[in-house]
Amino acid sequence: MRGALWLVGLLAVGCGESTEPAADFGEALFQDARLSESQYNRFSCATCHAPTPTPPAGRVLAGHTLHNAAFRPSWWGGYETQLLDAVNFCYVHFMRGVSPLTPEEPKSRALYEYLVRISPDPQAPALPFTVVKDIREVPRGTGSRGAEVYRAACQDCHGEPHTGKGRLTERASVLPEVVRDYDTLFPGVPKSLVVIEKVRHGQFFGVGGNMPPYSLEALSDEDLGALLAFLEL
Ligand code: HEC
Ligand code: HEC
């Protein structure tokens with residue numbers, strides 16, 4: 001059965017008990033940055049994933065919805081074949097979890113029960129995850145659409161443009177002012193390309209940090225082009 005390895009641990013703890021309280025606990029953990037023991041972490045699962053079939057209106061999230069995620073045959077575009085590994089990838093890389101969640105601990109069990117509760121379809125297909133490897137310029141769109149994209153995709157973490165007011169963490173750079181240093185940091189590279197690379201790769205491909213990457217499914221080149229126009233890049 002899919003997710004079987006994770007389940008073995010869970011059954012040992014959960015035998016004969018109702019799973020409802022565990023799922024409720026899991027729902028609370030899903031929304032709580034304190035799931036990670038790192039004092040520097042401000043992200044919860046809900047920062048990047050909706051639990052509903054589609055994200056709420058006006059939200060563009062880096063991660064797919066986790067509605068129907070529990071029984072997908074694979075995750076992360078086929079790179080992960082165990083659900084707990086798919087979760088731990090986020091936990092360690094984005095949430096600064098010091099060590100991966102183990103199948104036995106009550107937190108994992110609760111999260112699992114919650115993911116099962118929001119996964120009514122046991123035959124749900126895997127979802128695509130297309131990483132833009134080679135960074136290229138994108139055609140610019142309109143600034144007004146870009147303002148919407150900024151609000152939907154970036155503002156939760158980065159706060160208001162130019163000031164960072166309301167940002168989730170002080171570590172999130174003020175946009176677009178952060179690019180002022182780019183001529184020194186990345187001489188000869190157009191500033192827009194550095195931003196495109198950050199959005200498309202997040203912390204990966206040697207970029208660093210703990211921002212998530214945006215796949216083509218999460219953010220189209222068209223919306224990225226509008227966002228760059230809004231940021232005047
Ligand atoms: C900072 C953003 C971020 C946080 C926080 C985060 N994730 Fe993710 N997650 C992603 C991204 C980006 C992906 C890759 C795109 C995708 O497959 O959804 C991903 C992928 C996944 C997947 C695979 C989905 C699939 O079908 O491919 C699962 C499951 C998952 N995350 C669960 C979690 C859980 C549970 C938490 C909380 C413990 C969490 N994530 C926290 C960004 C995040
Ligand atoms: C889940 C939170 C989160 C979201 C959503 C997010 N970012 Fe970030 N971003 C960060 C954090 C934290 C940093 C600083 C650490 C790092 O570089 O990863 C950062 C850094 C950056 C940087 C600066 C890199 C540097 O140091 O030069 C740029 C540019 C950036 N983000 C652009 C964006 C844009 C554009 C969006 C919206 C499409 C976005 N981010 C969405 C968390 C986020």
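Nothing here was measured: the structure is a model prediction, and the numbers come from that model.

J.: Would you mind showing me how to read the pattern of salt bridges here?
T.: Note that side chains of opposite charge can pair when their charged atoms are close. Evaluation of the coordinates by the stated rule reveals ten salt bridges. A salt bridge links D183 to K191, with the nearest nitrogen and oxygen atoms 3.0 Å apart. For K191, a relative accessible area of 27% puts it in the partly exposed group. Between D221 and R200 there is a salt bridge, and its shortest N-O distance comes to 2.9 Å. Taken together, the residues span a long stretch of sequence, with D221 in helix 9 (residues 221–230) and R200 in helix 8 (residues 191–201) at a distance of 21 residues. Through salt bridges with shared partners, a single network forms among E20, D24, E27 and R117.

J.: Would you mind going over the environment of D223 with me for this structure?
T.: Turning to its location among the elements, D223 is positioned in helix 9. D223 sits 33 residues away from P190 along the chain, and the two C-alpha atoms are 19 Å apart. Ignoring sequence-local partners within four residues, the contact set of D223 consists of R145 and V149.

J.: What is the right way to look at the site of ligand 2 in this model?
T.: Near ligand 2 you find 21 residues, and of these C154, C157, H158, Y182 and M211 are the closest. The side chain of Y182 places a nitrogen or oxygen atom 2.4 Å from an oxygen atom of ligand 2. At 2.7 Å, a side-chain N or O of K198 approaches an oxygen atom of ligand 2. Here the residues of the shell around ligand 2 are counted per class, giving 13 nonpolar, six polar and two charged.

J.: Looking at this model, I keep getting lost on the coordination of the iron atom of ligand 2. Mind explaining?
T.: The protein atoms donating to the iron atom of ligand 2 are H158 (NE2) and M211 (SD), with metal-donor distances spanning 2.0 to 2.2 Å. Around the iron atom of ligand 2, the six donor atoms sit at angles spanning 87 to 179°, and that spread fits a shape best called octahedral. Residue H158 is located in helix 6 (residues 143–158), and its partner M211 is located in the loop between helix 8 and helix 9; the two are separated by 53 residues in the primary sequence. The same class applies to H158 as to M211, namely buried.

J.: Would you explain the packing of helix 2 (residues 20–30) against helix 5 (residues 106–117) in this entry?
T.: When two helices pack together, their arrangement is captured by the angle between the axes and the distance separating the axes. Axis separation between helix 2 and helix 5 bottoms out at 7 Å; the angle between their running directions is 95°. Viewed along their axes, helix 2 and helix 5 adopt a mutual orientation that is roughly perpendicular. Across the interface between the two elements, E20, A22, A23, D24, F25, G26, E27, L29 and F30 from helix 2 touch P106, K107, R109, A110, L111, E113, Y114 and R117 from helix 5. Taken together, the residues that form the contact of helix 2 with helix 5 break down as nine nonpolar, one polar and seven charged.

J.: Before we go on, may I ask you to explain unusual backbone geometry in this structure?
T.: Among all residues save glycine, negative phi is the norm, and among peptide bonds the norm is trans. For the peptide bond that leads from L175 to P176, omega is -5°, which places it in the cis range. Within the element layout of this structure, P176 appears in the loop between helix 6 and helix 7 (182–185). Despite not being glycine, N68 has its phi angle at roughly 65°, a positive value. Of note, N68 is situated in the loop between helix 3 (45–48) and helix 4 (83–93).

J.: Explanation requested: the site of ligand 1 in the structure shown.
T.: Neighbouring ligand 1 are 21 residues, the closest being C45, C48, H49, R72 and C90. Between an oxygen atom of ligand 1 and a main-chain N or O atom of H64, the distance comes to 2.7 Å. Contact between ligand 1 and R72: an oxygen atom at 2.6 Å from a side-chain N or O atom of the residue. Counting only elements with at least two residues in the shell around ligand 1, the list comes to helix 3 and helix 4. Considering every element that reaches the shell around ligand 1, the biggest residue donor is helix 4, with three residues.

Conventions and cut-offs
- Residues numbered from 1 in each chain as written.
- Chains lettered and ligands numbered in written order.
- Predicted model: local features only at pLDDT ≥ 70, side-chain atom pairs only at ≥ 80, totals over all residues.
- Heavy atoms only, no water.
- Salt bridge = Lys/Arg side-chain N within 4 Å of Asp/Glu carboxyl O.
- Buried < 20%, exposed > 50% of the residue type's maximum accessible area, 1.4 Å probe, protein only.
- Helix = DSSP H or I, 4+ residues; strand = E, 2+ residues; numbered from the N terminus.
- Contact = heavy atoms within 4.5 Å.
- Near = heavy atom within 4 Å.
- Polar contact = N/O pair within 3.5 Å; in protein donor to acceptor, adjacent residues only side chain to side chain.
- Nonpolar A, V, L, I, M, F, W, Y, C, P; charged D, E, K, R; others polar.
- Donors = N, O, S within 2.8 Å, 3.2 Å for Na, K, Ca; no water.
- Tetrahedral: all angles 85-135°; square planar, octahedral: opposite > 155°, others 65-115°.
- Axes fitted to C-alpha atoms, helices over the stretch in contact; angles between N-to-C directions.
- Parallel < 35°, antiparallel > 145°, perpendicular 65-115°, else oblique.

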